[in-house]
Amino acid sequence: MTLWRTDVGDDIYRLNTLNDSVIKEAEELLNVELPEAYINLLKEQNGGYIEYNSIPCPPNLKLEDNTIDIDYIMGIGKDTGILDSSELIQEWELPENIVLFSGDGHSWFAFDYRIHKKNPPIIWIDTESNIILSIATSFKQFLNQLYTEESVEFDPDGTVQVSKGSLLIAIEENNISDIIQSIDLLPFEIDFSIEWFSELLIKLSNHSNNEVRKSVSQATYSLMNELDTEKLSILATKFENDIDLDVKYYGTLVNEKLI
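Conventions adopted
Residues numbered from 1 in each chain as written. Predicted model: local features only at pLDDT ≥ 70, side-chain atom pairs only at ≥ 80, totals over all residues. Heavy atoms only, no water. Helix = DSSP H or I, 4+ residues; strand = E, 2+ residues; numbered from the N terminus. Buried < 20%, exposed > 50% of the residue type's maximum accessible area, 1.4 Å probe, protein only. Contact = heavy atoms within 4.5 Å. Areas by Shrake-Rupley, 256 points an atom, 1.4 Å probe, with all protein chains shown as cover. Phe/Tyr/Trp six-rings, centres within 6.5 Å; stacked < 30°, edge-to-face > 60°. Core = buried A, V, L, I, M, F, W, Y, C linked by side-chain atoms within 4.5 Å. Pairing = 2+ DSSP bridges. pLDDT = per-residue confidence, 0-100. Axes fitted to C-alpha atoms, helices over the stretch in contact; angles between N-to-C directions. Salt bridge = Lys/Arg side-chain N within 4 Å of Asp/Glu carboxyl O.

This next bit is on the overall build of the chain. Of the regular secondary structure elements, the chain holds 10 helices and eight strands. Per-residue burial for the chain yields a buried fraction of 47% across its 259 residues. Long-range pairs, those at least 24 residues apart, make up 56% of the contacts in the chain between residues at least 6 apart in sequence. Working note: accessible area of the chain is about 14200 Å², and carbon and sulfur atoms make up 46% of it.

See below:
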């Protein structure tokens, strides 16, 4: 996967090129064995801003946008590197036996060595809410979950730049990003038809792409008060039988509202 951004002129998180002795010294200082996937990534570039900006929120955590923001990964070194972990842990009163690799003070991503001394799972810490959540079983899995959450664009008069026609074209071309954007934004269109849209949601709930089905489940939940009960029941059943945990989660929420 192409991870590192190349359009950042002064990337403060990009540190000096690594060699084996620097890696060994860092592991001795931290008293850990760093994940192989992390080391291999840093051998390409030792930290920096990344192309992706989000990771899916765990189903048991209810955040407004259902995502957790991320914009960089620390490399091995001091001053914007993982060797700053001990100072940051003390400053933000974080748990011991973790290694921070991204964050802004309000929240952090970290390797969790509290139980596992090798191949640590990845945790996310919300310092304001005192929440610690496991978000990946390994750094490799963490990387595979990264994606780009598209920003919303509006016309000068405030209307959203999507339409029924653009959604139908996206479906015909199987343009995943355009399908997702249209599902997310079409309810705000002035000519929005709930009946037409609900039929389309049912159709797209069978899509092969997990992110499309996730967007369908989120749209269904946000339109709970407008969709008729029969269509809600159909969609909730589809969601609860889905293989994607996030889709299942929204299926549970919809069913709870129906009861």
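Anyway, onward from the coordinates.
Scanning the model with the defined rule gives 14 aromatic pairs in all. Between Tyr 13 and Tyr 49, the ring centres sit 5.4 Å apart and the planes meet at 80 degrees, which makes this aromatic pair edge-to-face. One end of the pair, Tyr 13, is in the segment before helix 1 (20-30); the other, Tyr 49, is in strand 1 (residues 48-49), with 36 residues separating them in the sequence. Of the residues examined, Tyr 13 reaches a relative accessible area of 13% and is grouped as buried. Tyr 49 gets classed as partly exposed once you look at its relative accessible area, which sits at 21%.

One broad rule of soluble globular proteins: the nonpolar side chains tend to lie buried together. In terms of nonpolar packing, the biggest core is built from 44 residues, with Tyr 38, Ile 73, Ile 76, Phe 101, Phe 109, Phe 139 and Phe 142 touching the most fellow members. Setting aside chain neighbours within four positions, we find Ile 76 in contact with Leu 15, Leu 18, Val 22, Ile 23, Ala 26, Leu 34, Tyr 38, Leu 42, Asn 46 and Ile 82. The next biggest cluster of nonpolar side chains, apart from the first, holds 24 residues, and it includes Ile 171, Ile 183, Ala 219 and Leu 227.

Turning our eyes to something else, we now look at the pairing of strand 5 (residues 98-103). In terms of burial, strand 5 is a largely internal element, six of the six residues being buried. Across five bridges, the pairing between strand 5 and strand 6 (residues 107-112) is antiparallel. Looking at strand 6, one finds that Val 99 is bridged to Phe 111. Here strand 5 hands over to strand 6 after three residues, with Gly 105 in that stretch at a positive phi of 100 degrees.

Once that is clear, we can look at unusual backbone geometry. Here Asn 31, not a glycine, exhibits a phi torsion of approximately 60 degrees, which is positive. Among the secondary structure elements, Asn 31 is positioned in the loop between helix 1 and helix 2 (36-44). Exposure remark for Asn 31: the relative accessible area of 68% places this residue in the exposed category. The backbone of Asn 119 sits at a positive phi, close to 45 degrees, despite the residue not being glycine. Of note, Asn 119 is situated in the loop between strand 6 and strand 7 (122-126).

The next point concerns the confidence of the model for the chain. Per-residue pLDDT for the chain has a mean of 86; in total, 88% of the residues score no lower than 70. Confidence scores differ between elements of the chain, with helix 5 (residues 164-173) showing the lowest mean pLDDT of 81 and strand 4 (residues 72-73) the highest of 98. Under a pLDDT of 50 for its full length, residues 152-156 has, in the predicted model, eight contacts with residues more than four places off or in other chains.

This part covers the environment of Ile 122. Among the structural elements, Ile 122 can be located in strand 7. The exposure class assigned to Ile 122 is buried, which follows from its relative accessible area of 0%. Sequence spacing of Ile 122 and Val 99 is 23 residues, and the spatial spacing of their C-alpha atoms is 9.7 Å. When neighbours within four sequence positions are excluded, Ile 122 is seen to be in contact with Phe 101, Ala 110, Phe 111, Leu 133, Ser 134, Ile 135, Ala 136, Ser 138, Phe 139 and Phe 142.

To continue, consider the sheet that holds strand 5. The strand order 5-6-7-8 describes an open sheet built from four strands, whose pairing is antiparallel. Strands with a single pairing partner mark the edges of an open sheet, and in this sheet they are strand 5 and strand 8 (131-136). Put simply, the sheet's adjacent strands are angled 30 degrees from each other on average, direction ignored. Sheet strands touched by helix 3 (residues 85-92): strand 5 and strand 6. Its angle to strand 5, the strand with the most contacts, is close to 85 degrees.

Counted under the stated rule, the structure contains 10 salt bridges. The partner of Lys 78 in a salt bridge is Glu 87, and the shortest N-O contact between them spans 2.9 Å. Note on Lys 78: relative accessible area 42%, which makes it partly exposed. Overall, the relative accessible area of 42% leaves Glu 87 in the partly exposed class. With its nearest N and O atoms 3.4 Å apart, the salt bridge here joins Glu 199 to Lys 231. In this pair, Glu 199 sits in helix 7 (residues 194-204) while Lys 231 sits in helix 9 (residues 229-240), placing the two residues 32 residues apart along the sequence. Residue Glu 199 is classed as partly exposed on the basis of its relative accessible area of 44%. Residues joined by salt bridges that share partners form a network here, namely Lys 78, Asp 84 and Glu 87.

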